[in-house]
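Chain residues, written in single-letter form:
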Amino acid sequence: MARLRTALVADFPLVAMALALSQPAWAAPDTPAAATGLAPFFTPAGARPKATDADGFVQRWLLLEPIAKPNRSNAGFTADYVRTALTQSLPAGQVDAVPRDGALQAGTPLRWHALDTSLFDVKLFNFAQGLGKPVYGVIFWATTVVDAPREMRGVRLAVGSNSASMWWVNGTAAAGLFGDRRMVMDDVLSRPLTLHKGRNVIRGAVINGPGLSDFCVRLLDAEGQPIRDLTTTFADPRGSRS
């Protein structure tokens, strides 16, 4: 099923941007975005495994409340800047951890939220806005656990993001999207990867200055077709939560 490319155009008052960009790390803005709730873009993740959508897009994610990282423009999101900003945005040793729903991120007042997205893309701007958190000049972290029914070789991670982002599969860097960009499905493909039979951890981080922010992720097989028999769940098969 073909999809139209998503082009998101930023249009907001300069005063709002100034307020957002003036905040220190971890702080909420003096005049936060109106908390509208997460519906209709998100619902709480259920206990049952969730399949990908009909086009293979992953719709269940653990999202961290936004980390303030003031940037007045997305034009400076070079590969070096993005790698440094994202890897330094979480405490050492925390990048590889699979969080629990509702847990505080170590060293911060920010919580993780286990959510299902109603669309093929994950509307990060609306996630932050719905929680009354900063929406501009921020970094978002996202983690999911994909369960594969068999070992799969030659798989490619297909990512689109607004704005720059980096992605890891099972702890190995898989894709980077740099510069000022719009969210386009399958914008960047990873090199061929192997999914283990059972649990595979995908994590990513998106950095954005002014404007909207979102991402979409799916996995393609060796022939470039969406893999549709994957599920996502955060329940540990041994009985505890990840």
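In this text the structure is predicted, and so the values were computed from the model without any measurement.

Draft legend 1. Molecular detail of the overall build of the chain. Secondary structure assignment for the chain yields 3 helices and 14 strands. Put simply, the chain has 242 residues, and 52% of those count as buried. In the chain, the share of contacts with a sequence separation of at least 24, taken over all contacts with a separation of at least 6, comes to 81%. Summing over all exposed atoms, the chain offers an accessible surface of approximately 10,700 Å²; the carbon and sulfur share of this is 54%.

Draft legend 2. Summary view of the nonpolar core. Formed by 37 residues in total, the largest nonpolar core has its most connected members in Trp-61, Leu-63, Leu-157, Trp-167, Phe-215 and Leu-219. A total of 5 residues in this core trace back to one element, the largest contributor, which is strand S6 (residues 138-148). Other than its neighbours up to four places away in sequence, Leu-219 contacts Gly-56, Val-146, Val-155, Arg-156, Leu-157, Leu-195, Ile-202, Gln-225, Pro-226, Ile-227 and Leu-230. Formed by 21 residues, the second largest nonpolar core is a distinct cluster that contains Leu-62, Leu-64, Val-82 and Phe-234.

Draft legend 3. Inspection of the pairing of strand S7 (residues 152-162) at higher detail. Burial runs high along S7: 8 of the 11 residues are buried. As defined by bridge partners, S7 adjoins strand S13 (residues 214-220) across 7 bridges and the pair is classed as antiparallel. Each bridged residue has a counterpart across the sheet, and for Ala-158 the counterpart in S13 is Arg-218.

Draft legend 4. The arrangement of the pattern of salt bridges in detail. Evaluated as defined, the whole model comprises 8 salt bridges. Asp-187 is the partner of Arg-181 in a salt bridge, and the nearest nitrogen-oxygen pair spans 2.8 Å. Given the relative accessible area of 19%, Arg-181 is considered buried. Of the residues examined, Asp-187 reaches a relative accessible area of 31% and is grouped as partly exposed.

Draft legend 5. Highlighting the packing of aromatic side chains. Under the defined criterion, the tally for this structure stands at 9 aromatic pairs. Look at Phe-125 and Tyr-136: their rings are 5.8 Å apart centre to centre, the planes differ by 45°, and that puts the pair in the tilted class. Taken together, the positions of Phe-125 in helix H3 (residues 124-130) and Tyr-136 in the loop between H3 and S6 put the pair 11 residues apart, joining distant regions of the chain. According to the relative accessible area criterion, Tyr-136 is buried, its value standing at 9%. Joined through ring pairs, the aromatic side chains of Phe-42, Phe-127 and Phe-140 make up one cluster.

Rules used throughout
Residues numbered from 1 in each chain as written. Predicted model: local features only at pLDDT ≥ 70, side-chain atom pairs only at ≥ 80, totals over all residues. Heavy atoms only, no water. Helix = DSSP H or I, 4+ residues; strand = E, 2+ residues; numbered from the N terminus. Buried < 20%, exposed > 50% of the residue type's maximum accessible area, 1.4 Å probe, protein only. Contact = heavy atoms within 4.5 Å. Areas by Shrake-Rupley, 256 points an atom, 1.4 Å probe, with all protein chains shown as cover. Core = buried A, V, L, I, M, F, W, Y, C linked by side-chain atoms within 4.5 Å. Pairing = 2+ DSSP bridges. Salt bridge = Lys/Arg side-chain N within 4 Å of Asp/Glu carboxyl O. Phe/Tyr/Trp six-rings, centres within 6.5 Å; stacked < 30°, edge-to-face > 60°.

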